[in-house]
Amino acid sequence: MASRRIVSLVSRSLNPISRGGKQRFAASASAAAIEDPIKPPVSVLYDKLLINGQFVDAASGKTFPTLDPRTGEVIAHVAEGEAEDVNRAVASARKAFDEGPCGKPYEETSQVEVPMFVRVFRYYAGWADKIHGMTIRADAALHVQTLHEPIGVAGQIIPWNFPLVMFAWKVGPALAYGNTIVLKTAEQTPLSAYLVGKLLHEAGLPDGVLNIVSGFGPTAGASLCNHMDIDKLAFTGSTDTGKVVLELAAKSNLKPVTLELGGKSPFIVCEDADVDQAVELAHFALFSNQGQCCCAGSRTYVHEQIYDEFLEKAKARALNRRVGDPFKIGTEQGPKIDQEQFNKILGYIRAGQECGATLETGGERVGNRGYYIQPTVFSDVKDDMVIAKDEIFGPVQTVLTFKELDEVIRRANNTKYGLAAGVFTHNLDTANTLTRALRTGTVWINCYGIFDAVIPFGGYKMSGIGRDKGEYSLKNYLQVKSVVTPLKNPAWL
């Protein structure tokens, strides 16, 4: 009943750059100044830490601002959790476990992310009474069984780019297996987690089972990773930060860690592709969520026979992308999350020009306030250019050309990442070859960004360890116990 109430409640709630390289620049309607921001149809209700079922101030009394990326103005001042607050949250989760039961467009968020959030919780609610061990036949007079038991107190750290979905991917399986949780939000997006935490408690979640701490990585995040009473860590974020999380977990109590990290995913357009369809899908694969997606199709490989046509149409599609206030219906692209990310993306655009890539369109900020950047397309991109190797995490499409299938397989795999890939072809043999050859955790054939709750998601190589979603993710939150009992004069073996 609690899971049904949760689903019901949630579904109701819810500067100019230098030009060092070649360019074929066309002016874009999206480059116009952004209109005055729309007043959001929501208000901030919860801005304190959620510990033991109560919203409380940080022990230090400190707060930090969370900003509106449309303007850079302060939305709210949120409690800043540190080591003492993490200790309180872990103690609450431990007590509950030991003693109790177990900036994107508003239109996109309401129609995509909230339904996906609900779907994930509904899916894991269905698993809660289907978790069991096994009875195993041994080569002796023994009764052998395994018990699947909750791992204990889970520490979870989620990113800012999909705050609701990441909350569900982490919290859903942990709760289904009867664990308790201390969740650290990204400092850029703490508010949605507190609202959902409130709804979960209204639905009947016992105090202490879910604790939420907002704060910064070097303080709250490090304290969570170092904590000797955390039994398991789950982290989604950059590869560099994932290395730190893994190191801190190893140096403390050797707690197991699952990591969903960065990517530089290839999107391969084969010679038999319908170019119009391929352009639209490649555009979605890269520009969705302002390009702020770990599995964005950020290396667009196009067969040389259709490269020129594809490039012109990709450029036109980027020029027509609607950039503006995320609360305005019809907006396709809102602002970047903050000034740091805004500066980083513009820096990569400058680097692309300086290393010889051709800027086809975009490359500038939009308006004179907020963190808006024009949809940007580069051509003449080489594999060794920084824009083809690094995770930009922004609206920057790099278009590369290839000739042979073996060649594009080798080039697509020549990266430290292995999160996802896209393939656009009508040839089943080509699709099968690429599916098996690409060293990534997900391959989308003639589609992209499909994230149903049943589909496991995670990466090869430096894109992570373990899987989120689906039945596979449940194994992250359990311990397996073997129970062996001798049998006296068994009727059969």
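Residues numbered from 1 in each chain as written. Predicted model: local features only at pLDDT ≥ 70, side-chain atom pairs only at ≥ 80, totals over all residues. Heavy atoms only, no water.

Colleague: I'd love a proper account of the packing of aromatic side chains, names of residues and values included.
Modeller: Tallying each qualifying case throughout the model produces 15 aromatic pairs. Where Trp160 meets Phe393, the ring centres are 5.5 Å apart and the plane angle is 90 degrees; that geometry is what we call edge-to-face. Note that Trp160 is positioned in the loop between β7 (153–157) and α4 (163–176) and Phe393 in the loop between α11 (386–389) and β16 (396–402), a separation of 233 residues in sequence. Looking at Trp160, the relative accessible area reads 15%, which means it is buried. Under the relative-accessibility criterion, Phe393 is labelled buried at 15%. The ring of Tyr477 carries Lys232 above its face, with NZ or CZ at 5.4 Å from the centroid. (Phe/Tyr/Trp six-rings, centres within 6.5 Å; stacked < 30°, edge-to-face > 60°. Helix = DSSP H or I, 4+ residues; strand = E, 2+ residues; numbered from the N terminus. Buried < 20%, exposed > 50% of the residue type's maximum accessible area, 1.4 Å probe, protein only. Lys NZ or Arg CZ within 6 Å of the ring centre and 35° of its normal.)

Colleague: Kindly report on the nonpolar core, identifying the contributing residues and their values.
Modeller: If you look at the biggest cluster of nonpolar residues, it comprises 103 residues, and the most contacted ones within it are Phe167 and Phe310. Of the residues forming this core, the biggest block, ten residues, is contributed by α4. If we ignore the near neighbours within four places in the chain, the residues touching Phe310 are Val269, Val275, Ala278, Val279, Ala282, Thr300, Val302 and Val399. Judged by nonpolar contacts, the second largest core, of 28 residues, contains Ala357, Tyr371, Met385 and Phe402. (Core = buried A, V, L, I, M, F, W, Y, C linked by side-chain atoms within 4.5 Å. Contact = heavy atoms within 4.5 Å.)

Colleague: Which residues make up the sheet that holds strand β6 (residues 142–150), and what values do they have?
Modeller: Spatially, β5-β6-β20 is the arrangement adopted by the three strands of the open sheet, whose pairing is antiparallel. This sheet does not close on itself; its edge strands, each paired only once, are β5 (135–136) and β20 (478–486). Pairing of β5 with β6, which is carried by two bridges, proceeds in the antiparallel orientation. In the strand pairing of β6, Thr135 is matched with Gln145. (Pairing = 2+ DSSP bridges.)

Colleague: Go over the pattern of salt bridges, please, and point to the residues and values.
Modeller: Overall, the coordinates contain 24 salt bridges when judged by the stated rule. Here Glu99 ties to Lys95 by a salt bridge, and the two come within 3.1 Å at their closest N and O atoms. In this pair, Glu99 and Lys95 are both assigned in helix α2 (residues 83–99), four residues apart and thus about one turn of the helix distant. Here the two residues Glu99 and Lys95 agree in accessibility, since each one is exposed. With a shortest N-O distance of 2.6 Å, Asp383 and Arg411 are connected by a salt bridge. Of this pair, Asp383 sits in the loop between β15 (376–379) and α11 while Arg411 is found in helix α12 (residues 405–413), placing the two residues 28 residues apart along the sequence. Arg411 sits in the buried class, given a relative accessible area of 11%. Three or more residues are tied together by salt bridges with common partners; here these are Arg94, Asp98, Asp229 and Asp231. (Salt bridge = Lys/Arg side-chain N within 4 Å of Asp/Glu carboxyl O.)

Colleague: For the pairing of strand β8 (residues 180–184), give the residues involved together with the corresponding values.
Modeller: Burial of β8 is extensive: five of the five residues sit out of reach of the surface. Of the two faces of β8, both are covered, the one formed by Thr180, Val182 and Lys184 as well as the one formed by Ile181 and Leu183. Across five bridges, β7 lies against β8 in parallel orientation. Within β8, the residue paired with Gln156 across the bridge is Leu183. Bridge count between β8 and strand β9 (residues 210–213): four bridges; the pairing is parallel. Bridge pairing in β9 places Lys184 opposite Val213. After leaving β8, the chain enters helix α5 (residues 191–202) and then returns to the sheet as β9, a path that is right-handed. (Right-handed = clockwise from strand over helix to strand, strands pointing away.)

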